[in-house]
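Next come the chains, spelled out residue by residue.
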Amino acid sequence: MTSLAADIGGTYSRLAWSGIGPTASIEEQSFNNAEFDSLEAVIDRGLSMLGSAGKPIDRMVLAVPGPVHSDPIPLTNIHWQLRRESLKTRFQTAQLKIVNDFQAAALGAISEPLERLKILNAGVPGEGPVVVAGAGTGLGMAWLPSRDHERLPQATEGGHLDFAPNNAAQLAVYRCLAERYGHVSYERLLSGGGLLDVYRHLAGSGAQASSPAEVAAAADQGDRVAVKAVQLFIGVFAAYAGNLALAFDPTGGIYLCGGLTVHLADWFDPTAFNLAFTAKGRMAEVVRRIPVYLVTRHDAGLAGASRILQSLHRAEI
């Protein structure tokens, strides 16, 4: 039996196949979404590369960006739509489960051992809620009532909360983005496009970098403006995490993940992060006790989707 767990991001699709071949080992693949016009085309390419073109996929778990309650499902930050019955028919699938990408990312994040996490705010995790937020092509957020919660994490659109600037530099960025976009959410800054917009705002006519990766590379090479852009990004992310701490009282911890977060992991200085994280006036001590971790693996969503796939398998045993 062939099974597929997939994490579909705005930029990349990561696939993990099991049950292929006599050893039933797991085969992982990664594809650039810009090279395909649909998710079906990505899956077809994956099957073809495995020498299994046209063969049925017995179980599929797809973690996708955006709300998954409708049908068809429009994906956020990528111009694809998914139709459940169409997918089941095309791939002869008996079991199909579609979840929000941050439901999967939350499961993957909380499964990471402590030694593979970067501690941004030390604390003793409690039995309360857990929040996972991640910056990549967009900004995702999900939460669980407790770490041992048996159901899927609760997906949200918390990345689209109104951005609140906390200093003059952030206010200037806010005004720039408001003029360009109208509504300014946290995702407008805490995303690949957001990092690039911040850099362009700071650099003005002297901007050299033309992609988030180039901004990060320029910062690594000591470019003054790129460094300021990355530091502003992290300051905003820390303040956003502090807002989540106040909203959820997540004594089980806050986990930060996502492709851009991981790419900038070395820039997350715990001391500087905590200054912005705990800058909540009278509520500073309430926030200070909440542990914050940075997940250093780039495929937390795929790990979570694989966990969900395993649960489908166990339910049949």
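Residues numbered from 1 in each chain as written. Predicted model: local features only at pLDDT ≥ 70, side-chain atom pairs only at ≥ 80, totals over all residues. Heavy atoms only, no water.

Colleague: Hey, could you run me through the overall build of the protein in this one?
Modeller: Helix and strand counts for the protein stand at 11 helices and 13 strands. The globule rule puts the C-alpha radius of gyration for 317 residues at 20 Å, and the 20 Å found for the protein is close to it. Classification of the 317 residues of the protein by burial places 51% in the buried group. Counting contacts in the protein only where the partners sit at least 6 residues apart, residues at least 24 apart contribute 66% of the total. In the form shown here, the protein has an accessible surface area of approximately 14,500 Å², with 51% of it arising from carbon and sulfur atoms. Charge separation in the protein, taken as the distance between the mean sites of 26 positive and 30 negative side-chain charges, equals 3 Å. (Helix = DSSP H or I, 4+ residues; strand = E, 2+ residues; numbered from the N terminus. Rg over C-alpha atoms; globule rule 2.2 N^0.38 Å. Buried < 20%, exposed > 50% of the residue type's maximum accessible area, 1.4 Å probe, protein only. Contact = heavy atoms within 4.5 Å. Areas by Shrake-Rupley, 256 points an atom, 1.4 Å probe, with all protein chains shown as cover. Lys, Arg positive; Asp, Glu negative; His and termini not counted. Charge placed at Lys NZ, Arg CZ, Asp CG, Glu CD.)

Colleague: How do you make sense of unusual backbone geometry when you look at a structure like this?
Modeller: The bulk of non-glycine residues show a negative phi, and the bulk of peptide bonds are trans. The step from Asp71 to Pro72 runs through a cis peptide bond, and the omega angle for that step is 10°. A positive phi angle, near 50°, is found at Gln92, a position not held by glycine. With respect to the element layout, Gln92 can be found in the loop between α2 (84-90) and β7 (95-100). One non-glycine residue, Asp249, adopts positive backbone phi at about 45°. Of note, Asp249 is situated in the loop between α7 (224-248) and β12 (253-257).

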